[in-house]
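Structural overview
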Amino acid sequence: LVLLYNSQVSGNCYKVRLLLTHLGVPFETHELSVVDRSNRADVIGADANPALRVPTLILDDGRPLAESNAILWYFGRGTRFVPEDIYEQAQMLQWMFFEQYDHEPYVAVARFLRGWAPKTPENEALAESKMAGGNRALDAMERHLTGRTYLVADRLTLADISLYGYTHVAHEGGFELSARSAVRGWLDRVAAEPGHVAIDA
Ligand SMILES: N[C@@H](CCC(=O)N[C@@H](CS)C(=O)NCC(=O)O)C(=O)O
């Protein structure tokens, strides 16, 4: 069985659970806290993931794999979630790199600081400093999704699974989606896909 070092509230872990569920890949989870990280080295171990982060996944043959989007690629390759066309594959990767550089460091971090980190003026100021970057990323998605059903190839791919993870909980970081109707329509489409699971499932 695949073992996922998991935090239920983490969007990065949710992306992995969402894909594995869509694919019907059975997995078990080992729950870790996103707040108290003191046991990471003992539980995950530096061999499995030198960054000591979740998600970290242990394949059924014991080999470890980290980084949410790398895990998506490992399981998604050769399935309906990765286009066959090499240009569309590259477009899918375009959005997955965008997710990690332009989106997650702002949207996910603001959400963590406002929802889980100690409530201090420093953390609130730090969260506030993430808003401009997060809004820039959400605006880029709104522009791209206007007139499109999904990010790439008019169907659900790893790009959508990756960006759905933190976009659908962006409001928990203080981001406003009401004026972003293309993003909201896309969120609804992803959630209506057969086999979809919620982050708290
Ligand atoms: N780039 C990584 C990010 C993983 C990540 O940020 N994990 C967070 C939880 S969402 C974590 O483990 N934080 C604890 C820490 O940094 O020690 C991925 O996409 O998997």
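Higher on the page you've got the structure.
This section reports on the structure supplied with the text. (Residues numbered from 1 in each chain as written. Predicted model: local features only at pLDDT ≥ 70, side-chain atom pairs only at ≥ 80, totals over all residues. Heavy atoms only, no water.)

At a closest axis distance of 9 Å, the pairing of helix 4 (residues 86-115) and helix 7 (residues 158-167) adopts a crossing angle of 5 degrees. On the basis of the axis angle, helix 4 is roughly parallel to helix 7. On the side of helix 4, the interface is formed by Met92, Trp95, Met96, Phe98, Glu99, His103, Glu104, Val107, Ala108 and Arg111, while helix 7 contributes Leu158, Ala159, Ser162, Leu163, Tyr166 and Thr167. In terms of residue class, the contact of helix 4 with helix 7 is built from ten nonpolar, three polar and three charged. (Axes fitted to C-alpha atoms, helices over the stretch in contact; angles between N-to-C directions. Helix = DSSP H or I, 4+ residues; strand = E, 2+ residues; numbered from the N terminus. Parallel < 35°, antiparallel > 145°, perpendicular 65-115°, else oblique. Contact = heavy atoms within 4.5 Å. Nonpolar A, V, L, I, M, F, W, Y, C, P; charged D, E, K, R; others polar.)

Let's shift gears to the sheet that holds strand 4 (residues 64-66). Taken in spatial order, the four strands line up as 2-1-3-4 in an open sheet, and their pairing is mixed. The outermost strands of the open sheet, each flanked by one partner alone, are strand 2 (27-31) and strand 4. Mean inter-strand twist for the sheet, computed between neighbouring axes without regard to direction, equals 25 degrees. Where strand 1 (residues 2-6) lies against strand 2, five bridges are found, and the strand directions are parallel. Bridged to Tyr5 within strand 2 is His30. Strand contacts of helix 3 (residues 68-76): strand 1, strand 3 (56-58) and strand 4, with the helix running at about 125 degrees to strand 4, the strand carrying the most contacts. (Pairing = 2+ DSSP bridges.)

Of all five residues in strand 1, five are buried, a share of seventy percent or more. In strand 1, alternate side chains face the same way, and those of Val2, Leu4 and Asn6 on one face and Leu3 and Tyr5 on the other are all buried. In this fold, strand 1 hands off to helix 1 (residues 11-23), which returns the chain to strand 2; that crossover is right-handed. One ladder, built from three bridges, connects strand 1 with strand 3; its direction is antiparallel. Within strand 3, the position partnered with Tyr5 by the bridge is Thr56. (Buried < 20%, exposed > 50% of the residue type's maximum accessible area, 1.4 Å probe, protein only. Right-handed = clockwise from strand over helix to strand, strands pointing away.)

Looking now at the site of the ligand. Around the ligand, the surrounding shell holds 13 residues, and the nearest of these are Arg53, Val54, Glu67, Ser68 and Gln100. Arg40 is positioned such that a nitrogen or oxygen atom in its side chain is 3.0 Å from an oxygen atom of the ligand. Computed on the free molecule, the ligand has an accessible area of 500 Å², of which 85% lies beneath the protein chains in the complex. Under a 2 Å grid-point criterion requiring more than half of the atoms, the pocket assigned to the ligand is the largest pocket. Looking at side-chain class alone, the shell around the ligand contains four nonpolar, four polar and five charged residues. (Near = heavy atom within 4 Å. Polar contact = N/O pair within 3.5 Å; in protein donor to acceptor, adjacent residues only side chain to side chain. Areas by Shrake-Rupley, 256 points an atom, 1.4 Å probe, with all protein chains shown as cover. 1 Å grid on protein atoms, 1.4 Å probe; cavity = no way out; pocket = protein on both sides within 12 Å on 5 of 7 lines; lining within 4 Å. Sits in = over half its atoms within 2 Å of the grid points.)

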